[in-house]
Amino acid sequence: MSPRVVTLAHYYTAPEIQRMADKVGDSLELSLYARDAQADIIVFAGVRFMAETAKILNPQAQVILPDAGSTCSLVTQTDIAALRAWRESYPDHVHVSYINSSAEHKALSDWIVTSRNVDDIIAHLYAEGKKVIFSPDRNMGAYLNFQYGYDMPLWSAVCEVHDKFNEDALNEAFAGVSGQAFLIAHPESPLPVLQRADYVGSTSGMLNWVKSYQGELSATIFVATEDGILYNMHEARPDLNLVQAPIYAGCQCNSCPYMKLNTVAAVQAAQAGQGERIDYLTPEQMDAARLPIERMLAFSQ
Ligand code: 13P
Ligand code: SF4
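Rules of the game
Residues numbered from 1 in each chain as written. Chains lettered and ligands numbered in written order. Predicted model: local features only at pLDDT ≥ 70, side-chain atom pairs only at ≥ 80, totals over all residues. Helix = DSSP H or I, 4+ residues; strand = E, 2+ residues; numbered from the N terminus. Rg over C-alpha atoms; globule rule 2.2 N^0.38 Å. Buried ≥ 20, exposed ≤ 12 C-beta atoms within 10 Å, placed from the backbone. Contact = placed C-beta atoms within 7 Å. Core = buried A, V, L, I, M, F, W, Y, C linked by C-beta atoms within 7 Å. Near = placed C-beta within 6 Å. Nonpolar A, V, L, I, M, F, W, Y, C, P; charged D, E, K, R; others polar. Pairing = 2+ DSSP bridges. Axes fitted to C-alpha atoms, helices over the stretch in contact; angles between N-to-C directions. Domains from an automatic or database assignment. Expected span 1.5 Å × (residues − 1). Bend = angle between axes of the 7 residues up to and from the residue.

Enquirer: Where do I start with the overall build of the protein chain in this structure?
Expert: A count of helical and extended segments in the protein chain gives 14 helices and 12 strands. Scaling as 2.2 N^0.38, a compact globule of 301 residues should have a C-alpha radius of gyration of about 19 Å, and the protein chain matches this with 19 Å. With the principal axes as the frame, the protein chain shows a C-alpha extent of 60 × 50 × 30 Å. Relative to its 301 residues, the protein chain shows a buried fraction of 48%. Considering only residue pairs separated by 6 or more positions, the protein chain has 63% of its internal contacts joining residues 24 or more positions apart.

Shown next as structure tokens:
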């Protein structure tokens, strides 16, 4: 019998990759789909931390990352020994970590969050009177502290893609629009960008905002996130003027180099069983990382 292969793709992959997938989604949706997949092989057209999460949640499946180079700057900017020391310097705090983190990082965390549930989970912890430290995304943490008046100590890594969005390029872009203009943004963007956004949320959240947009059709909607999801937005609402937010004048060019390593050839090879197998995590490492992920999943369901 041939193996059952399930292919997952994140919104940041190219349109031709998304069309090869059984499921396209944000980090939370893809984690849940991977956990429940009846599959011998899960091909994860995304980045390594996503494939690791899929393996942790569905250890029976062979999880394959099409290209071994698909990392994430939030992972590569985080030294685990330094993170452990930082975590130990706040012994009475709850450590909340963004899902964009390695399995080792997750194992040093009390809760995992995605951009979809981070607001609710941290609000829940504060409501219980907990003190919280947040890692690894400094921009996301700064936004949460600003938006809700928290005082969370923050780890200092950034998404190298979203961190390029900036106020000056946005001001210039807004000034060039004669009619109405909106900005929707992913919370990995810098605080000054998020402070002027009409909506801040996950990739799915932004897509839903676009789908349900009821305003002037002539308005310009700037989208501060990776360019892959513009495909889904244009598909959903071809009647809207959706434009990726610039990182400098005239540039709509902000792309994640790691997501874009998922080429058609690499995904096809992975579907045939080749590519980077996520088989290097020990059962103990997976158990330790699963605990804070499952805490999040129980909260979100
Ligand atoms: P979400 O799709 O969960 O919003 O996350 C985006 C992301 O950073 C993927 O790298
Ligand atoms: Fe990581 Fe940023 Fe790429 Fe997402 S877009 S995988 S956060 S580098």
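Enquirer: What exactly am I supposed to notice about the nonpolar core here?
Expert: Buried together is how nonpolar side chains tend to be arranged in soluble globular proteins. By size, the foremost hydrophobic cluster in this structure holds 90 residues, and its most contacted members are L8, I42, F44, V113, L183 and V223. The dominant element in this core, judged by the number of residues it contributes, is helix α3 (residues 48–57), at 6 residues.

Enquirer: For this particular structure, what's the right way to read the site of ligand 1?
Expert: Around ligand 1 sit H10, Y12, D26, S27, N100, T114, S115, E188, S202 and T203, and that is every residue in its neighbourhood. Taken together, the residues of the shell around ligand 1 break down into 1 nonpolar, 7 polar and 2 charged.

Enquirer: Would you mind showing me how to read the sheet that holds strand β1 (residues 5–10) here?
Expert: Within a beta sheet, neighbouring strands are joined by backbone hydrogen bonds and run either parallel or antiparallel to one another. Taken together, 5 strands build an open sheet; the order of strands is β2-β1-β3-β4-β12 and the sheet is mixed. Every other strand in the sheet has two partners, leaving β2 (23–25) and β12 (276–277) as the edge strands with one partner each. Against the sheet, helix α2 (residues 27–36) touches β1, β2 and β3 (41–45), its axis set at about 150 degrees to β2.

Enquirer: Where do I start with the sheet that holds strand β11 (residues 241–244) in this structure?
Expert: Within the open sheet, the 4 strands sit side by side as β9-β8-β10-β11. Their pairing is parallel. In the strand order of this sheet, the two ends are held by β9 (199–200) and β11, each with one partner. Across 4 bridges, the pairing between strand β10 (residues 220–224) and β11 is parallel. Its bridge partner being in β11, T220 is matched across the sheet by N241.

Enquirer: Would you mind going over the site of ligand 2 with me for this structure?
Expert: The local shell around ligand 2 holds 15 residues, among which V47, C72, C159, V161 and C256 are the closest. There are two domains that each give the shell around ligand 2 at least three residues, and those are domain 1 (5–71 + 259–279) and domain 2 (162–244).

Enquirer: Looking at this structure, how should I read helix α14 (residues 283–300)?
Expert: An α-helix turns once per 3.6 residues; consequently, residues spaced three or four apart project the same way. With 18 residues, α14 extends 25 Å between its outermost C-alpha atoms, agreeing within 8% with the 26 Å of an ideal straight helix rising 1.5 Å per residue. In α14, a bend of some 30 degrees at R290 exceeds every other bend along the element, and P292, a proline, comes one to four places later. All of the buried residues in α14 are A289, P292, I293 and M296.

Enquirer: I would appreciate a short explanation of the domain arrangement of the protein chain in the present structure.
Expert: It is common to give the size of an interface as the accessible area lost on bringing the parts into contact. If you check the domain split of the protein chain, you get domain 1 (5–71 + 259–279) and domain 2 (162–244). Taken over C-alpha atoms, the centre of domain 1 sits 27 Å from the centre of domain 2. Counting residues at the interface gives 10 residues for domain 1 and 8 residues for domain 2. Split by residue class, the side of domain 1 that touches domain 2 holds 5 nonpolar, 3 polar and 2 charged.

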